[in-house]
Amino acid sequence: PATASAILSLYAPDKYAFMDDEIIECLYDGKRGYTLKIYNEVNDKCIELANELNKKESKKKKQDDENWTPRRVGKTLWTGARLSAHGLDWFMKDDDDDDDDDD
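Residues numbered from 1 in each chain as written. Predicted model: local features only at pLDDT ≥ 70, side-chain atom pairs only at ≥ 80, totals over all residues. Heavy atoms only, no water.

Q: What should I look at first to understand the packing of helix H3 (residues 36-57) against helix H4 (residues 70-85) in this one?
A: Angle between the axes and distance between the axes are the two parameters that describe a pair of packed helices. Interhelical geometry of H3 versus H4 gives an angle of 100° and a closest axis separation of 8 Å. The pairing of H3 with H4 is recorded here as roughly perpendicular in orientation. Contacts between H3 and H4 involve Asn 43, Cys 46, Ile 47, Leu 49, Ala 50 and Leu 53 from the first element and Pro 70, Val 73 and Gly 74 from the second. Class assignment of the residues belonging to the contact of H3 with H4 gives a composition of 7 nonpolar, 2 polar and no charged. (Axes fitted to C-alpha atoms, helices over the stretch in contact; angles between N-to-C directions. Helix = DSSP H or I, 4+ residues; strand = E, 2+ residues; numbered from the N terminus. Parallel < 35°, antiparallel > 145°, perpendicular 65-115°, else oblique. Contact = heavy atoms within 4.5 Å. Nonpolar A, V, L, I, M, F, W, Y, C, P; charged D, E, K, R; others polar.)

Structure, rendered in structure tokens:
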């Protein structure tokens, strides 16, 4: 399924995400595997996330902005996982965690 998903995600990014290790780790609760069943579950979650993000952004979206697709969700999850693996998880910081004492 991984190789097929690579081709499908390029051909129809609005329907398919690439089956990457990091995406499976983020979205699949069981042991990582490379089966059609796992891919379908992970891809369905990417579709759901893309739909949610598009709804949230539709209010503030400009005409030229790129829509969220399952492929874009997968690429974003992969990027976040790679940054985190290299100790660059600052992007996950909560605004409430600021050390600034502006009070």
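Q: Explain the nonpolar core to me, please; I cannot follow it from the model alone.
A: In summary, soluble globular proteins display a tendency toward joint burial of nonpolar side chains. Counting 13 residues, the largest nonpolar core has Ile 24, Ile 38, Val 42 and Cys 46 as its most contacted members. Looking at this core, the elements with two or more residues in it are helix H2 (21-27) and H3. By residue number, the principal contributor to this core is H3, which donates 5 residues. Residues contacting Val 42, with those up to four places away along its chain left out, are Ile 23, Ile 24, Leu 27 and Tyr 28. (Core = buried A, V, L, I, M, F, W, Y, C linked by side-chain atoms within 4.5 Å. Buried < 20%, exposed > 50% of the residue type's maximum accessible area, 1.4 Å probe, protein only.)

Q: How do you make sense of H3 when you look at a structure like this?
A: For H3, spanning 22 residues, the distance from its first C-alpha to its last is 31 Å, which sits close to the expected 32 Å at 1.5 Å a residue. Every buried residue of H3 is accounted for by Ile 38, Tyr 39, Val 42, Asn 43, Cys 46, Ala 50 and Asn 54. When H3 is viewed along its axis, its buried side chains cluster within an angular range of 135° and face the same direction. Every exposed residue of H3 that faces more than 90 degrees away from the buried side is listed here: Lys 37, Lys 55 and Lys 56. Considering only its buried residues, H3 is in contact with helix H1 (2-11), H2 and H4. (Expected span 1.5 Å × (residues − 1). Arc of directions from axis to C-beta.)

Q: Sorry if this is basic, but what is going on with the pattern of salt bridges here?
A: When the charged atoms of two side chains lie near each other, side chains of opposite charge can form a pair. Within this structure, the stated rule accounts for 4 salt bridges. With its nearest N and O atoms 3.5 Å apart, the salt bridge here joins Arg 32 to Asp 21. On the criterion of sequence distance, the pair formed by Arg 32 in the loop between H2 and H3 and Asp 21 in helix H2 is long-range, its members being 11 residues apart. Taking the relative accessible area as the measure of exposure, Arg 32 reaches 38% and is therefore partly exposed. Connected via shared salt-bridge partners are Asp 21, Glu 25 and Arg 32. (Salt bridge = Lys/Arg side-chain N within 4 Å of Asp/Glu carboxyl O.)

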